[in-house]
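# Tertiary structure, described
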Amino acid sequence: AIARIDRALREFRIRGVSTNIAFVENLLKHPTFLDYSYTTKFIDTTPELFHFKVSHFNEKARWALDYKGIEHVRHSLLPGPQKPKMQKLSGQQQTPVLRCGDDVVAGSAAIIDYLERRFPEPPLYPRDDATLRRAISVQARFDAEVGPAIRLAMFYDLLLDPAYFVSMFTIGQPFLARVGYRAIF
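The present account deals with the structure reproduced in this document. (Residues numbered from 1 in each chain as written. Predicted model: local features only at pLDDT ≥ 70, side-chain atom pairs only at ≥ 80, totals over all residues. Heavy atoms only, no water.)

## Examining the overall build of the protein
To be explicit about the condition: The secondary structure listing takes helices from DSSP runs of H or I that are at least 4 residues long and strands from runs of E that are at least 2 residues long, numbered from the N terminus. Partly exposed describes any residue whose relative accessible area lies between the buried limit of under 20% and the exposed limit of over 50%, with all areas from a 1.4 Å probe on protein chains only and scaled to the type maximum. Contacts are assigned to residue pairs with any non-hydrogen atoms lying within 4.5 Å of each other. Using the Shrake-Rupley algorithm and a 1.4 Å probe, accessible areas are obtained, with residue cover drawn only from the displayed protein chains.
A tally of regular secondary structure across the protein gives 10 helices and four strands. The principal-axis extent of the C-alpha atoms belonging to the protein is close to 55 × 45 × 25 Å. Expressed as a percentage of the 185 residues in the protein, the buried residues total 33%. Long-range pairs, those at least 24 residues apart, make up 51% of the contacts in the protein between residues at least 6 apart in sequence. Carbon and sulfur atoms make up 59% of the accessible area of the protein, which amounts to about 11600 Å² in all.

## Focus on the side chain of His75
Selection criterion: Here a polar contact is recorded for every N or O atom pair within 3.5 Å, except that within protein the pair must consist of a potential hydrogen donor and a potential acceptor, and residues adjacent in sequence are included only if both atoms are side-chain atoms.
Turning to its location among the elements, His75 is positioned in strand β2 (residues 73-76). Looking at His75, its side chain comes within polar contact range of the side chain of Glu48, at 2.7 Å. Discounting chain neighbours no more than four positions away, the residues touching His75 are Phe23, Asn26, Glu48, Leu49, Phe50 and His51.

## Examining a nonpolar patch on the surface
Put simply, the test is: Nonpolar side chains (Val, Leu, Ile, Met, Phe, Trp, Tyr) within 5 Å and like charges within 9 Å form the patches, drawn only from residues with over 30% relative accessible area and no salt bridge. The term salt bridge refers to a side-chain nitrogen of Lys or Arg lying within 4 Å of a carboxyl oxygen of Asp or Glu.
On the surface, Leu159, Ile184 and Phe185 cluster together to form a nonpolar patch covering roughly 290 Å² of accessible area. Mapped onto the elements of the fold, Leu159 is located in the loop between α8 (129-158) and α9 (162-169).

## Considering the pairing of strand β3 (residues 97-100)
To be explicit about the condition: Here the rule is simple: two strands pair whenever DSSP picks up at least two bridges between them.
The sheet contact formed by strand β1 (residues 48-51) and β3 spans three bridges and is antiparallel. Paired with Glu48 across the two strands is Arg99, which belongs to β3. Summarising the sheet, β3 and strand β4 (residues 103-106) pair through four bridges and their orientation is antiparallel. Considered in β4, the bridge of Val97 is made with Ala106. The hairpin turn running from β3 into β4, its antiparallel successor, is two residues long, and Gly101 in that turn takes a positive phi close to 65 degrees.

## Considerations on the pairing of β2
We count it as follows: Classification remark: right-handed applies to a crossover when, strands pointing away from the viewer, the course from the first strand over the helix to the second runs clockwise.
Taking every second residue as pointing to the same face, the buried face of β2 carries Val73 and His75, while none of Arg74 and Ser76 on the other face is buried. The parallel pair β1 and β2, bridged by helix α5 (residues 56-67), forms a crossover whose chirality is right-handed.

## Let's talk about the sheet that holds β4
Heads up, the rule is: To get an axis, a line is fitted to the C-alpha atoms, and for a helix only the part in contact is used. The angle between two axes follows their N-to-C directions and goes from 0 to 180 degrees.
On the basis of which strands lie adjacent, the open sheet formed by four strands has the order β2-β1-β3-β4 and mixed pairing. At either end of the open sheet lies a strand with only one pairing partner, and these are β2 and β4. Neighbour-to-neighbour, the strand axes of the sheet open up by a mean angle of 15 degrees, direction not taken into account. Each of β1, β3 and β4 touches helix α6 (residues 82-90); the most contacted strand, β3, lies at about 45 degrees to it.

## Here's the deal with the packing of helix α1 (residues 2-11) against helix α2 (residues 21-29)
For clarity, the threshold we go by: Roughly parallel covers angles under 35 degrees, roughly antiparallel covers those over 145, roughly perpendicular covers 65 to 115, and oblique covers all other angles. Helix crossings fall into two classes, left-handed where the near helix is turned counterclockwise from the far one by less than a right angle and right-handed where it is turned clockwise. Gly is placed with the polar residues, together with every amino acid not listed as nonpolar (Ala, Val, Leu, Ile, Met, Phe, Trp, Tyr, Cys and Pro) or charged (Asp, Glu, Lys and Arg).
Between α1 and α2, whose axes approach to 10 Å, the crossing angle comes to 160 degrees. Considered as vectors, α1 and α2 are oriented roughly antiparallel to each other. Here α1 runs over α2; the crossing is left-handed. Contact residues: Ile2, Ile5, Asp6, Leu9 and Arg10 in α1; Ile21, Val24, Glu25, Leu28 and Lys29 in α2. When its residues are assigned to classes, the contact of α1 with α2 shows six nonpolar, no polar and four charged.

## What to know about the packing of aromatic side chains
Short version of the rule: Put simply, two rings from Phe, Tyr or Trp (the six-membered ring, in Trp's case) pair if the centres are within 6.5 Å, and we call them stacked under 30 degrees between planes, edge-to-face over 60, tilted for the rest.
Applying the stated criterion to the full structure yields five aromatic pairs. Seen from their ring centres, Phe52 and Phe169 are 6.4 Å apart, and the 90 degrees between their planes marks the pair as edge-to-face. Taken together, the residues Phe52 in the loop between β1 and α5 and Phe169 in helix α9 connect sequence positions 117 residues apart. With relative accessibility at 12%, the residue Phe52 sits in the buried group. Linked through ring pairs, Phe52, Phe155, Phe165, Phe169 and Tyr181 together constitute an aromatic cluster.

If you want it as C-alpha cells, here you go:
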C-alpha cells in the first residue's frame, strides 16, 4: 500500500500552487511510518529539519541529528526561494532550521546546543569544562572564519557553471521546481 501511495504522489502533478506532496513523500519514507509504530501525534512530535542538501552548516545539523539517533523529517530547500519560508518559520532567512514541537531553532551551532539540552545522550560535546570550552571555541572560529570562506569559494566556482549549480541543489526536487530554478540562472 505504501509503494502505491508513493507512486501516486510522484505521478501527481499540480501547477501554480504549493502543495505538501514532498512532506507526505518524506513521511512515507520515515522509519516510524514504515514499521507502523506512528501515532496521531507523530507529526507534532517528530523534529523537522529545513536545510540545503549542499551546505557544510546544514551538514553539521544533519550529522548531529544522525549521531544522536534522533528520527526526524528533512525538508530540502532551494537557495534563494527558501527566504520567505524561513522568515515566516524562524524570523530569519538562513538554513538550517530545526522545528521540534513548538520550538524553532535557527543555525547549526544553536541546533547542536538545543539537541544537547533536549536529547543529552549520546553527547556531542566533551563533558569536562575545559575541553567543552575549547570545542565550542573551535566551532565558533570555524563558523565565523573558515565556513564563510569555504562557502564563498564554493559559490564562486559553482556560479561559473549555472547548470551544474542548479543540478547540485535540485537533486530530489519536483520537476517544476528544477525547471523554475534553472530559469532563474
